[in-house]
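# Descriptive analysis of the structure
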Amino acid sequence: MATYQAYFDFTAQSRSVGALMKMYALLDKEQPAKLPLAPVVVFLAFSIESYLNSLGARAIPFWDEIERLPWKAKVSVLHTTANREADWGQDPLQFATEVFRLRDKLAHGKPERVLGPKLPDHVEPEKMLVGDKLQPDWYKSLNVEWVLSAKDRFHALMVYLGALFGYPEADHLHSASGGIFVDDEPAV
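From a predicted model like this one, the values you see are computed outputs, not experimental measurements.

## Some thoughts on the overall build of the protein chain
- In terms of helices and strands, the protein chain carries 8 helices and 2 strands.
- Listed N to C, the secondary structure of the protein chain is β-α-α-α-α-α-α-α-α-β in terms of helices and strands.
- In terms of overall size, the protein chain is more extended than a compact globule, its C-alpha atoms giving a radius of gyration of 22 Å where 188 residues would be expected to give roughly 16 Å.
- On the principal axes, the C-alpha backbone points of the protein chain span a range of 90 × 40 × 30 Å.

## What about the environment of Leu 129?
- Mapped onto the secondary structure, Leu 129 falls in the loop between helix H6 (123–128) and helix H7 (137–140).
- Once the C-alpha coordinates of Leu 129 and Gly 116 are considered, the two residues, 13 residues apart in sequence, prove to be 9.4 Å apart.

## So, the packing of aromatic side chains
- On inspection of all chains with the given rule, the structure shows 6 aromatic pairs.
- Plain terms: the ring middles of Trp 71 and Trp 88 are 5.7 Å apart, the flat faces sit at 75° to each other, and that makes the pair edge-to-face. Linking Trp 71 in helix H4 (residues 71–81) with Trp 88 in the loop between H4 and helix H5 (93–108), this pair joins segments that are 17 residues apart in sequence.
- Residue class for Trp 71 comes out buried when judged on its relative accessible area of 12%.
- Relative to Phe 100, the ring of Trp 71 lies with its centre 4.4 Å away and its plane at 10°, an arrangement referred to as stacked. Of this pair, Trp 71 sits in helix H4 while Phe 100 sits in helix H5, and the two are 29 residues apart along the sequence. Residue Trp 71 shares its accessibility class with Phe 100, and that shared class is buried.
- Ring-pair connections join several aromatic residues into one group, and the members of that group are Trp 71, Trp 88 and Phe 100.
- Here Arg 58 stacks its cationic end above the ring of Tyr 167, 4.1 Å away from the centre of that ring.

## Digging into unusual backbone geometry
- Residue Pro 92 follows Asp 91 across a cis peptide bond; omega there is 10°.
- The topology assignment puts Pro 92 in the loop between H4 and H5.
- The backbone phi angle of Asn 83 is positive, close to 55°, even though this residue is not glycine.
- Judged by relative accessible area, which is 71%, Asn 83 ranks as exposed.

## Examining helix H8 (residues 144–163)
- For H8, spanning 20 residues, the distance from its first C-alpha to its last is 29 Å, which sits close to the expected 28 Å at 1.5 Å a residue.
- Among all positions of H8, only Trp 146, Val 147, Ala 150, Arg 153, Phe 154, Leu 157, Met 158, Tyr 160, Leu 161 and Gly 162 are buried.
- Looking at the buried side of H8, the elements it contacts are helix H1 (12–29), helix H2 (38–59), H4 and H5.

## Quick word on the side chain of Ser 14
- Structurally, Ser 14 can be placed in helix H1.
- At a separation of 2.6 Å, a polar atom in the side chain of Ser 14 contacts the main-chain carbonyl oxygen of Thr 11.
- Filtering out sequence-adjacent residues up to four positions away, Ser 14 remains in contact with Leu 173, His 174 and Ser 175.

Cut-offs applied
Residues numbered from 1 in each chain as written. Predicted model: local features only at pLDDT ≥ 70, side-chain atom pairs only at ≥ 80, totals over all residues. Heavy atoms only, no water. Helix = DSSP H or I, 4+ residues; strand = E, 2+ residues; numbered from the N terminus. Rg over C-alpha atoms; globule rule 2.2 N^0.38 Å. Phe/Tyr/Trp six-rings, centres within 6.5 Å; stacked < 30°, edge-to-face > 60°. Buried < 20%, exposed > 50% of the residue type's maximum accessible area, 1.4 Å probe, protein only. Lys NZ or Arg CZ within 6 Å of the ring centre and 35° of its normal. Expected span 1.5 Å × (residues − 1). Contact = heavy atoms within 4.5 Å. Polar contact = N/O pair within 3.5 Å; in protein donor to acceptor, adjacent residues only side chain to side chain.

Below you can see the structure in the form of C-alpha cells.
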C-alpha cells in the first residue's frame, strides 16, 4: 500500500520580507510621520540577514558552521565563494552597512544624554522635553525620508546578493515550494 507525505520547503526570509513589505504598505496608506519607524529598520536587518543565510545554505555546504558569524563576515564569505569582491563604499553594500549600524544602535545602544541649547529662560527647554525634539544624531537619521528611500535600496541589495549566485531578481521573495512524496514500498 502506498503512503503519501506532504512536504514544504520553507524560506525564513520570505516571512521577514513579507512583514517588511506589509510595513511599507502601511506607510504608503497612512501618514508616514505617525507610524513608528524603528520596526522598519529591524525588519530590514532581519530580511537582509535571513537572505544571506538562505544564499549561504544553498551555496556553501558548511554554512551551518559559519552562519553565526556577523552579517558583514557572511557577506564577505559569499563574495569570496562567488569569486567577487565586496565594495563597501558603494550601494548596495553601503546601504546594508547603514541598516545594520542603525539596528545595532537600536539593539545594543546604551543610555546617552542629549543636550539642547542653553537658553535665557525655562519655557523653550521645557517644550523640548515633550515629543521628539531631543534625540541622538544617529536616531535623527531614522526619518521618514530615509525609510521610504530604503525600500528601493533594499530591493537593489537583494537583487545584487542573489545575482552573486545567478539567482533571479525575485529570489528573495521566494516563499516556499512543496509537494507530496509517494512511497510505494510495502509497509513492514
